[in-house]
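Each chain, letter by letter, is given below.
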Amino acid sequence: MEPTPTIPAYGGSSLADLPRSLLGALGVGDGNVLGLEPARRVCLFLVDGLGAELLRAHADRAPFLSGLTSRVLTAGFPATTVTSLCSLGTGVPPGDHGMLGMLLAVPGTGHLLNCLRWTLPRGVEPMDPATWQPATTVYQQAYADGVASTYVAPAAFEGTGLTDAVYRGVSYVPADTVDARVAGVKAAMAEPRAHVTVYYGDLDAAGHMTGWGSEEWLDQLAIVDRMAERLAETLPPGSALYVTADHGMINVTEKIDAETVPALVEGVAMLGGDARARHVYTVDGGAADTLAAWRETLSGKAWVVSRQEAVESGWFGPVVRQRWLGRIGDVVAVPYADCAIITAASHPIEALFTGYHGSLTPIEQHVPLLEVSTR
Ligand SMILES: [Zn+2]
């Protein structure tokens with residue numbers, strides 16, 4: 001029997017509910033649905049790929065994090081970095097902000113935009129980040145209310161399309177080492193009021209390459225744990241540190257190459273999304289046949305639904321704006337079994353991964369919200 005998808009708890013306890021709650025704690029706006037306690041300074045430590053179930057399974061390697069006050073949030077759909085970063089940057093669900101996966105059709109063009117690397121096919125005009133993601137960010141809102149926002153992250157991400165789409169309004173502090181990130185946070189948190197985000201990406205990278213729970217991943221978990229402890233040690237009085245993640249991860253035992261299975265190729269114009277949340281864009285008039293073929297081929301392994309079913313089931317949020325509908329596949333294929341839908345010819349490196357994320361399983365959806373405070 002098909003398992004039940006974990007529908008993100010939009011409006012209650014999803015990642016999209018966190019940013020306005022953080023601002024609410026700072027006295028900005030009235031969107032504190034998570035009921036965070038007031039603080040003069042808040043720091044969000046965003047650990048890419050630190051799923052709540054992954055942390056729980058390896059609590060012994062993260063004694064500091066495991067000892068903190070914790071609750072669980074749902075990431076949002078798809079459970080992928082670009083979508084979650086945009087939910088954190090806008091404070092609204094994916095159906096509202098429109099960052100609906102990693103590889104998305106640019107409607108009317110026949111092209112896919114890689115929202116992570118901000119690349120289009122060679123020769124195509126670059127995409128303007130503010131056109132693709134026009135919503136005001138929470139950082140811009142905080143600034144309008146007198147609170148500056150700081151983002152401490154790798155230098156390589158400064159000025160990228162994704163950063164300009166989701167972090168508009170931050171003061172960007174480039175920092176490539178743990179020491180530099182802790183120092184960057186300490187400096188920003190010294191202000192009378194502060195709203196700081198610090199990012200760590202290497203845990204997710206290790207999970208992709210060798211799987212979560214591998215020695216490489218556990219070494220990264222230990223680094224994250226120590227970094228969180230150091231961030232906590234730098235907190236001035238009246239501050240709070242929150243630790244969360246953009247998604248969890250699953251180690252796969254099977255890969256289905258969608259470019260080599262005839263039933264998955266027939267009628268497909270473009271294949272987007274992520275390996276565990278595929279947007280299948282069909283040729284004109286081909287949606288019903290493609291839906292049937294993908295359903296049959298992936299029977300027992302994936303939820304395979306029409307665009308309309310995905311929207312009506314609330315996967316992307318309570319509503320999807322009309323203008324974003326064309327970014328969703330005519331068919332949406334979301335594995336619940338331990339498998340990835342790869343495209344080895346088009347994306348050879350991603351096809352080699354062990355760990356993947358994107359789907360509506362608890363291990364991918366559940367992220368921790370951990371708290372330390374000096375209030
Ligand atoms: Zn990842």
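**Student:** How should I be thinking about the domain arrangement of the chain in this particular structure?
**Tutor:** The domain architecture assigned to the chain consists of domain 1 (15-97 + 125-249 + 360-373) and domain 2 (254-356). Averaged C-alpha coordinates put domain 1 and domain 2 at centres separated by 28 Å. Opposite the 17 residues of domain 1 that make contact, domain 2 presents 17 residues. In terms of residue count, the dominant contributor to the side of domain 1 that touches domain 2 is helix 10 (residues 202-210) (four residues). For the side of domain 1 that touches domain 2, the residue count by class is eight nonpolar, seven polar and two charged.

**Student:** What should I look at first to understand the environment of Trp 212 in this one?
**Tutor:** With respect to the helices, strands and loops of the structure, Trp 212 is situated in the loop between helix 10 and helix 11 (215-233). The class of Trp 212 is buried, set by 29 C-beta atoms lying within 10 Å. Taking the C-alpha atoms as reference points, Trp 212 and Thr 234, 22 residues apart in sequence, are found 29 Å from one another. Beyond its immediate chain neighbours, meaning those up to four positions away, Trp 212 contacts Leu 54, Gly 207, Trp 217, Met 249, Asn 251 and Gly 355.

**Student:** How do you make sense of the pairing of strand 6 (residues 170-174) when you look at a structure like this?
**Tutor:** For a regular strand, side chains alternate in direction, first toward one face of the sheet and then toward the other. Where strand 5 (residues 149-153) meets strand 6, five bridges bridge the pair, whose relative direction is parallel. Each residue of the ladder has a partner; that of Ala 153, found in strand 6, is Pro 174. Once the chain exits strand 5 it traverses helix 8 (residues 161-166) before rejoining the sheet at strand 6, and the crossover so formed is right-handed.

**Student:** I would appreciate a short explanation of the packing of helix 9 (residues 178-188) against helix 11 in the present structure.
**Tutor:** Packed helix pairs are specified by the crossing angle of their axes together with the interaxial distance, meaning the distance between the axes. Orientation of helix 9 relative to helix 11, taken along the N-to-C sense of each, is 25°, at an axis distance of 10 Å. It follows from the interaxial angle that helix 9 and helix 11 lie roughly parallel. When you trace helix 9 past helix 11, the crossing you get is right-handed. Here Val 178, Val 182 and Val 185 of helix 9 come into contact with helix 11, specifically with Ile 223, Met 227, Arg 230 and Leu 231. Of the residues in the contact of helix 9 with helix 11, the class split is six nonpolar, no polar and one charged.

**Student:** Mind showing me how you'd approach the pairing of strand 12 (residues 277-282) here?
**Tutor:** Counting buried positions along strand 12 yields six of six residues, so the element is predominantly enclosed. Judged by which residues are buried, strand 12 turns out to be covered on both faces: Ala 277, His 279 and Tyr 281 on one side and Arg 278, Val 280 and Thr 282 on the other are all buried. Direction of pairing for strand 11 (residues 268-274) relative to strand 12: antiparallel, over a ladder of six bridges. Within strand 12, the position partnered with Gly 273 by the bridge is Arg 278. The antiparallel hairpin formed by strand 11 and strand 12 contains two residues in its connecting segment. In this structure, strand 12 lies alongside strand 14 (residues 331-335), joined through three bridges in antiparallel fashion. Among the inter-strand pairings, His 279 is bridged to a residue of strand 14, identified as Val 332.

**Student:** Looking at this structure, I do not really get the sheet that holds strand 6. What am I missing?
**Tutor:** Each strand in a sheet pairs with another by means of backbone hydrogen bonds, the pair being arranged parallel or else antiparallel. What the seven strands build is an open sheet, ordered 2-17-8-1-7-5-6; its pairing is mixed. Of all strands in the sheet, those bounded by a partner on one side alone are strand 2 (69-74) and strand 6. Pairwise comparison of adjacent strand axes, ignoring direction, gives a mean angle of 20° for this sheet. Of the strand pairs in this sheet, strand 8 (residues 239-244) and strand 17 (residues 366-373) are connected by four bridges, and their pairing is antiparallel. Directly across from Tyr 242, in strand 17, lies its bridge partner Glu 371. Against the sheet, helix 1 (residues 18-25) makes contact with strand 1 (41-47), strand 2, strand 7 (194-200) and strand 8, and its axis sits at roughly 155° relative to strand 1, the strand it touches most. Sheet contacts for helix 9: strand 1, strand 5, strand 6 and strand 7; angle to strand 7, the most-contacted strand, approximately 170°.

**Student:** Would you mind showing me how to read the packing of helix 10 against helix 11 here?
**Tutor:** Running from N to C, helix 10 and helix 11 point in directions that differ by 170°, and their axes come no closer than 8 Å. Regarding the angle of helix 10 to helix 11, the classification is roughly antiparallel. Residue-level inspection shows Asp 202, Leu 203, Ala 206, Gly 207, Met 209 and Thr 210 of helix 10 in contact with helix 11, the latter providing Glu 216, Trp 217, Gln 220, Leu 221 and Val 224. Class assignment for the residues of the contact of helix 10 with helix 11 results in six nonpolar, three polar and two charged.

What counts as what
Residues numbered from 1 in each chain as written. Predicted model: local features only at pLDDT ≥ 70, side-chain atom pairs only at ≥ 80, totals over all residues. Domains from an automatic or database assignment. Contact = placed C-beta atoms within 7 Å. Helix = DSSP H or I, 4+ residues; strand = E, 2+ residues; numbered from the N terminus. Nonpolar A, V, L, I, M, F, W, Y, C, P; charged D, E, K, R; others polar. Buried ≥ 20, exposed ≤ 12 C-beta atoms within 10 Å, placed from the backbone. Pairing = 2+ DSSP bridges. Right-handed = clockwise from strand over helix to strand, strands pointing away. Axes fitted to C-alpha atoms, helices over the stretch in contact; angles between N-to-C directions. Parallel < 35°, antiparallel > 145°, perpendicular 65-115°, else oblique. Left-handed = near helix turned anticlockwise from the far one by under 90°.

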